[in-house]
Amino acid sequence: MNGIGLLTALWVVPMVGAVVVILLPSKVFAKYLALAVSLAVLLLAATLAVQFDPAGAQFQFVEDYPWIPTFGTGYILGLDGIALALVVLTAVLVPLLIVAGWHDAGDRSFGHRSTQSYLALTLAVEAMVLISLMALDVLLFYVFFEAMLIPMYFLIGGFGGAGRSKAAVKFLLYNLFGGLIMLAAVIGLYVVTASSGAFDSGTFDFRAIAAAVANGELNIDPALLNALFLGFMFAFAVKAPLWPFHRWLPDAAVESTPATAVLMMAVVDKVGTFGMLRYCLQLFPDAAKYFQPLIITLAVIGIVYGAIVAIGQTDVMRLIAYTSISHFGFIILGIFAMTSQGQAGSTLYMVNHGISTAALFLIAGFLVSRRGTRLIADFGGVQRVAPVLAGTFLVAGLATLSLPGLAPFISEFLVLIGTFTRFPVLAVIAASALVLSAVYILWAYQRMMTGPLTAGNESIRDLIPRELIVVAPLIALLLVLGVYPKPALDVINPAVTHTLTTIDVQDPVPATAEGPAQ
């Protein structure tokens, strides 16, 4: 029970900070307090990362207290390597997003307290994402998995473009429907544990249920387990999003402020892929294997579809949104390839995608705010008047297409290697997206940044110090993780190994020229 209280502090600090910020009369003070709160969360996350022992217990810093004993649920928090990686990603991004969105609350949807509301909602989302990542009780996870939709709905619908209200409703309806399906599965899981004989009564303790599944103590009809798996998987597939459940994402990303869009795609949506790794695989391993071909086929379709549709976009923000659909396909492909390389690559991909998408979307947002348009055709020759902006856009774009030397390359390479050992044809099809991604990024850069200066772009200024404070750390992380991902993989790999052991899956044995290895 090392570090009791740190995990609670990690989510309580931003939640209390959200309450205080929204009550402050001064907008300026609210901004600096929100930034201070997010930096305090980053300090706590860094403390956890330093104290975490990759060779230690699977779940560390565990806090276990009664919540509703009658229903077999408790306030149980803990971190494994996969959750820790995403906790650190969240804690790093939120302060940068607050700085990036320093002036994003000019909309009056929330009246004279618009700035305070914007910042408080951002901190509330951070708190709910963090407790979702740390929860080791299925019901506790579900409560905050759904609750985070509310502040995200108001962030999308209250701030952003002209179509924000419609986009917010679309976001909420898709995700609420997925959550209701999952609720039925959560209740079904409780009934299953109560009737299995493995427990004295029903339980929501993830650790106990996963152990019973691994030991074969839950003698449940496979058809019922398949149905429960689909209930969880559907909600996560909507959140992630997996093709064809992606329809809400482009509108929500484009109509939000850039900082809100990054919060959604780089932080909130990762809870969906995290849920697949933790809950779908470890609670329902046989069902996951049964549906494996279907899910990886949908993932590959999403990879290719997102890349092809991105090529045809005329709106730079919508182009970046569709690239995320392709990237989420890679993440889900690696998860359900069920190999150590694939799942380690997927977890690292969640981190790297968060960083690269944040960089590209925010830089594009800075450019759009200067020009007042999202249309690619309205730009041209930007590098002549804003060389730093154009250069950082290129680096972020090259990271998005997984150029060697930048962070996403390692994770995408691991996903493809891990997939090829089981599904070589699908891995080859997925690899075609590498060519397509080069087309949509380099073509967009050519049209927007190179060539003669297009009329109307003469007054575009380069990145200012506040924007450089946001962009510089993201570019640095892309470079550092691109050449030295070992610290992250050292934390991730033991958790991946434990997951594969829990679901009783081993990596395929490579064949030799003389035949299969013994």
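Residues numbered from 1 in each chain as written. Predicted model: local features only at pLDDT ≥ 70, side-chain atom pairs only at ≥ 80, totals over all residues. Heavy atoms only, no water.

- The chain appears in an unreviewed UniProt entry as NADH-quinone oxidoreductase subunit M from Mycolicibacterium frederiksbergense.
- On record in UniProt, under Sequence similarities (unreviewed entry), the comment for the chain is "Belongs to the complex I subunit 4 family." (UniProt positions renumbered as here; feature names shortened; annotations may be inferred.)

### Side note on the nonpolar core
- In terms of nonpolar packing, the biggest core is built from 203 residues, with Phe229, Phe232, Met264 and Phe336 touching the most fellow members.
- In terms of residues, this core owes the most to one element, helix α15 (residues 340-371), which gives 16 residues.
- Residue contacts for Met264: discarding those within four places in its chain leaves Met152, Ile156, Phe171, Trp248, Leu249, Ala252, Ala253 and Asp269. (Core = buried A, V, L, I, M, F, W, Y, C linked by side-chain atoms within 4.5 Å. Buried < 20%, exposed > 50% of the residue type's maximum accessible area, 1.4 Å probe, protein only. Helix = DSSP H or I, 4+ residues; strand = E, 2+ residues; numbered from the N terminus. Contact = heavy atoms within 4.5 Å.)

### As for the UniProt feature "domain: NADH:quinone oxidoreductase/Mrp antiporter transmembrane" (unreviewed entry) in the chain
- Mapped onto the present numbering, the UniProt feature "domain: NADH:quinone oxidoreductase/Mrp antiporter transmembrane" (unreviewed entry) falls on residues 135-432.
- When the span residues 135-432 is considered, its composition is 79% helix and 0% strand, and the gap between its end C-alpha atoms is 37 Å.

### Here's the deal with the packing of aromatic side chains
- Applying the stated criterion across every chain yields a total of 25 aromatic pairs.
- Ring centres 5.3 Å apart and planes at 80° place the aromatic pair Phe234 and Phe245 in the edge-to-face group. Of the two residues, Phe234 sits in helix α9 (residues 222-239) while Phe245 sits in the loop between α9 and α10 (248-255), which places them eleven residues apart along the sequence.
- A ring pair is formed by Tyr305 and Tyr322, whose centres lie 6.4 Å apart and whose planes are at 70°; its orientation type is edge-to-face. Of this pair, Tyr305 sits in helix α13 (residues 285-311) while Tyr322 sits in helix α14 (residues 316-337); the two residues are 17 residues apart in sequence, bridging distant segments of the chain.
- Tyr305 gets classed as partly exposed once you look at its relative accessible area, which sits at 26%.
- Put simply, the rings of Phe59, Phe141, Phe145, Phe206, Phe232, Phe236, Tyr279 and Phe284 touch in pairs and so form one group of aromatic residues. (Phe/Tyr/Trp six-rings, centres within 6.5 Å; stacked < 30°, edge-to-face > 60°.)

### A look at helix α6 (residues 149-158)
- Buried residues of α6: Leu149, Pro151, Met152, Leu155, Ile156 and Gly158, and no others.
- Where α6 is buried, its residues contact α4 (114-134), α5 (138-147), α7 (164-195), α9, α10 and α11 (258-268).

### Quick notes on the confidence of the model for the chain
- In the predicted model, the chain carries a mean pLDDT of 88, and 96% of its residues have values of at least 70.
- Taken element by element, the chain is modelled with least confidence in strand β4 (residues 515-516), mean pLDDT 48, and with most confidence in helix α3 (residues 81-100), mean pLDDT 94.
- Of the regions scoring below 50 in pLDDT, residues 513-518 engages in five contacts with residues more than four places distant in sequence or in other chains. (pLDDT = per-residue confidence, 0-100.)

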